[in-house]
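Breakdown of the fold
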Amino acid sequence: LGRIPVAVLGRLRATWLSGKTRPMEYRVAQLEALGRFLDEKKQDILEATASDMGKPPFEAEFTEILLCKNELHETLNNLSHWMKDKHVDKNLVTQLDSAFIRKDPYGVVLIIAPWNYPIYLLLVPLIGAIAAGNCVIVKPSEMTKNSERLVAEVLPSYLDNDCFAVVTAGVQETTMLLENKFDYIFFTGSSSVGRIVMAAAAKHLTPVTLELGGKNPCYVSDTCDVQNVAQRVAWGRFYNAGQTCIAPDYVLCSVEMQKKLLPALDKAITDFYGPKPQESPDFGRIVGDKHFQRVQTLLRSGRAVIGGQTDEKERYIAPTVLVDVQPSDPIMQEEIFGPILPIVTVANMDKAIDFINSHERPLVVYAFSSNDKVVKQVLERTSSGGFCGNDTLMHVTLTSLPFGGIGNSGLGMQHGKFTFDTFTHHRGCLHRGMGREALNALRYPPYSQQKLGLVRAASEVKRKGSPGISAAAPGVLGA
Ligand SMILES: *[C@@H]1O[C@H](CO)[C@@H](O)[C@H](O)[C@H]1NC(C)=O
Ligand SMILES: *[C@@H]1O[C@H](CO)[C@@H](O)[C@H](O)[C@H]1NC(C)=O
């Protein structure tokens, strides 16, 4: 396999240089083919994600298909507009020239996708990369074998293989793949692998987007509609069996709120998955044995008041709520990425904010309160990739919002136009006329104080509200 990327890369590099991917019609045709893939292979996608991780068909259809199609349609609807040169303000000297931003593709880009949403998190960046006019290598996760096979065997039959390729690779082969020079790398996965990707990219000075994880805090204030909060938190935590980078990772609330929240969470979980969640068709499984062992170990922190059962054969972990969790417990040291919700009690909002700010910056901060001021304070006084007040996960469904991390939770952003911009080099261009050389003489040696004054008058950016352009300027223009 080590050989394949070299041949593939050569082919894509040649296509990139030929300019084939630049015309809008070409990009639109490839994007429409992606749409046909989603329509025609819907059943295969549902089956692959069900066999990989027991993904409920509803969740697969909503996230893997519907949200992808939203991104696709938003991109197709706006591409001609996004691609256009953007003309910008000019100074006096360049008044008669053309200054614009050209939306250039980067070239040959690499997209490394994770396993938790194996289609969605592969296609969303792919849509942006194709829309921006790049040649693309995508590497699906080797953890979800059925989805990987589907992508590797079927997706290429929809796309132009001169400019698009799927590479399957494990850890070792991916390391080798990363030794190649790409023009952009878009990685979604863990912070630890993100560091490896960024280090490899640094060797070639390749720009990166890193969509990483994080322990997303969820503050629940003392005034709120407890049952609604419980439903929204349980849905976000147990969706995809907790294997969601933006899932609320833990709840921060007062002891009094915890007392009210526990029966409400219990009711929400029973309403959602019935008295035996293991038999529910709407609750997923942990992706692999290694992850199952890891998540199972985290159950030793605190005390399970809801759930706690596991079944290794099925890689089943019950929707679980833990109390008496100490900040020093193992479950508070890493992103859980499983169906466990620890509750950490704090005295009040200020203490919750202190807690959040004493940890790595998360991918999202959640805050629930009937009091607007509380939600706004949590937003104002914390830092995270994104924010959602009074709900969980829903911010991700808007293509109008940038999605991405900060600090430990990643760098760069995607969704809608933000994905297009991520895969676009904003090339600053100035086209000048060849005449009016008398004007240019101002900046040529021999220098003089008088020339400097004229140059300043013609090119200076003035602070708003300061006196207008100097008397010399009209003379400059009229020269
Ligand atoms: C996309 O197109 C729609 C409809 O033309 C428009 O309302 C919307 O503002 C556009 N979005 C962006 C981000 O350009
Ligand atoms: C949160 O929900 C409550 C109850 O519906 C509402 O009063 C409050 O304004 C919401 N907060 C924000 C910031 O929208």
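Please read these numbers as outputs of a predicted model, since none were measured by experiment.

Definitions and cut-offs
Residues numbered from 1 in each chain as written. Chains lettered and ligands numbered in written order. Predicted model: local features only at pLDDT ≥ 70, side-chain atom pairs only at ≥ 80, totals over all residues. Heavy atoms only, no water. Near = heavy atom within 4 Å. Polar contact = N/O pair within 3.5 Å; in protein donor to acceptor, adjacent residues only side chain to side chain. Areas by Shrake-Rupley, 256 points an atom, 1.4 Å probe, with all protein chains shown as cover. Nonpolar A, V, L, I, M, F, W, Y, C, P; charged D, E, K, R; others polar. Pairing = 2+ DSSP bridges. Helix = DSSP H or I, 4+ residues; strand = E, 2+ residues; numbered from the N terminus. Contact = heavy atoms within 4.5 Å. Axes fitted to C-alpha atoms, helices over the stretch in contact; angles between N-to-C directions. Buried < 20%, exposed > 50% of the residue type's maximum accessible area, 1.4 Å probe, protein only. Salt bridge = Lys/Arg side-chain N within 4 Å of Asp/Glu carboxyl O. Phe/Tyr/Trp six-rings, centres within 6.5 Å; stacked < 30°, edge-to-face > 60°. Core = buried A, V, L, I, M, F, W, Y, C linked by side-chain atoms within 4.5 Å. Domains from an automatic or database assignment. Parallel < 35°, antiparallel > 145°, perpendicular 65-115°, else oblique. Buried area = accessible area lost by both parts, 1.4 Å probe.

Residues in contact with ligand 2, as listed here, are S369, S370, D372, V375 and N390. At a separation of 3.3 Å, an oxygen atom of ligand 2 approaches a polar backbone atom of S370. One nitrogen or oxygen atom from the side chain of D372 is found 2.4 Å from an oxygen atom belonging to ligand 2. Coverage of ligand 2 by the protein chains reaches 48% of its 360 Å² of free accessible surface. Residues that form the shell around ligand 2 fall into these classes: one nonpolar, three polar and one charged.

Reading across from one edge, 5-4-3-6-7-17 is the order of the six strands in this open sheet, with mixed pairing throughout. What marks the edges here is a single partner per strand, and that holds for strand 5 (164–166) and strand 17 (410–411). For strand 3 (residues 108–112) and strand 6 (residues 184–188), the ladder comprises four bridges, and the chain directions are parallel. In the sheet register, L110 faces strand 6, and the bridge partner there is I185. In this fold helix 5 (residues 120–131) packs onto strand 3, strand 4 (135–139), strand 5 and strand 6, with an angle of close to 170° to the strand it touches most, strand 4.

Moving on, we get to the side chain of Q243. With respect to the helices and strands, the residue Q243 is situated in the loop between helix 9 (226–238) and strand 9 (250–253). Taking relative accessible area as the criterion, Q243 reaches 1% and is therefore assigned buried. A distance of 3.0 Å separates a polar atom in the side chain of Q243 from the backbone oxygen of N240. A polar contact of 3.0 Å, which involves the side chain of Q243, links it to the backbone nitrogen of V287. Leave out the neighbours within four places in its chain, and Q243 touches M53, W115, N116, Y117, R285, I286, V287 and F337.

The next thing to look at is the pattern of salt bridges. What the rule picks out here adds up to 24 salt bridges. Between K139 and E142 there is a salt bridge, with the nearest N and O atoms lying 3.2 Å from each other. In this structure E142 comes out as partly exposed when scored by relative accessible area, which is 25%.

Here we have seven strands laid out as an open sheet, ordered 10-13-14-9-8-15-16, and mixed in their pairing. Edge strands, defined here as strands with exactly one partner in the open sheet, are strand 10 (303–306) and strand 16 (386–389). The sheet shows a mean angle of 25° between the axes of neighbouring strands, taken without regard to direction. As paired strands, strand 13 (residues 320–323) and strand 14 (residues 340–345) are joined by three bridges and run parallel to one another. Residue pairing in the sheet places L322 in a bridge with P342 of strand 14. Its contacts with the sheet place helix 9 against strand 8 (217–220), strand 9, strand 13, strand 14 and strand 15 (364–368), and it is angled at close to 130° to strand 14.

This part takes up the packing of aromatic side chains. Within the structure shown, the criterion is met by 11 aromatic pairs. Each ring, one from F37 and one from Y158, has its centre 5.7 Å from the other, and the planes form 75°; the classification is edge-to-face. Here F37 is found in helix 2 (residues 24–40), whereas its partner Y158 is found in the loop between helix 6 (145–154) and strand 5, with 121 residues between them in sequence. The class of F37 is buried, set by a relative accessible area of 1%. Residue class for Y158 comes out buried when judged on its relative accessible area of 14%. One aromatic cluster in this structure is built from Y106, Y184, F186 and F423.

For ligand 1, the full set of nearby residues is E74, N78, H81 and W82. At 3.0 Å, a side-chain N or O of W82 approaches an oxygen atom of ligand 1. For ligand 1, whose unbound accessible area comes to 360 Å², protein coverage reaches 38%. When its residues are assigned to classes, the shell around ligand 1 shows one nonpolar, two polar and one charged.

With 89 residues, the main nonpolar core has L34, L123, L126, L155 and V220 as its most contacted residues. If one sorts the elements of this core by residue count, helix 5 sits on top with 10 residues. Domain assignment of the residues forming this core places at least three in each of domain 1 (3–213 + 414–427) and domain 2 (217–400). Residue contacts for L126: discarding those within four places in its chain leaves L34, I111, V136, V138, L155, L159 and F164. Among the nonpolar cores identified, the runner-up in size contains 26 residues, and L299, V325, I336 and V374 belong to it.

At a minimum axis distance of 9 Å, the contact between helix 4 (residues 57–83) and helix 5 shows a crossing angle of 10°. By the criterion of interaxial angle, the relationship of helix 4 to helix 5 is roughly parallel. Contacts between helix 4 and helix 5 involve T63, E64, L67, C68, E71, L72, T75 and L79 on the former and, on the latter, Y120, L123, V124, I127 and A131. Of the residues assigned to the contact of helix 4 with helix 5, the class counts are nine nonpolar, two polar and two charged.

Turning our eyes to something else, we now look at the domain arrangement of the protein chain. How big an interface is tends to be stated in terms of accessible area lost as the parts join. Looking at the protein chain, the domain boundaries give domain 1 (3–213 + 414–427) and domain 2 (217–400). Using only C-alpha atoms to locate each centre, domain 1 and domain 2 end up separated by 31 Å. Every contact between the two is made by 24 residues of domain 1 and, on the other side, 21 residues of domain 2. In total, about 1900 Å² of surface goes out of reach between domain 1 and domain 2, with carbon and sulfur atoms giving 57% of it. Summed over the shared surface of domain 1 and domain 2, the number is nine residue pairs in polar contact (both at pLDDT 80 or more). The dominant element in the side of domain 1 that touches domain 2, judged by the number of residues it contributes, is helix 4, at eight residues. When grouped by side-chain class, the residues that make up the side of domain 1 that touches domain 2 number 11 nonpolar, eight polar and five charged.

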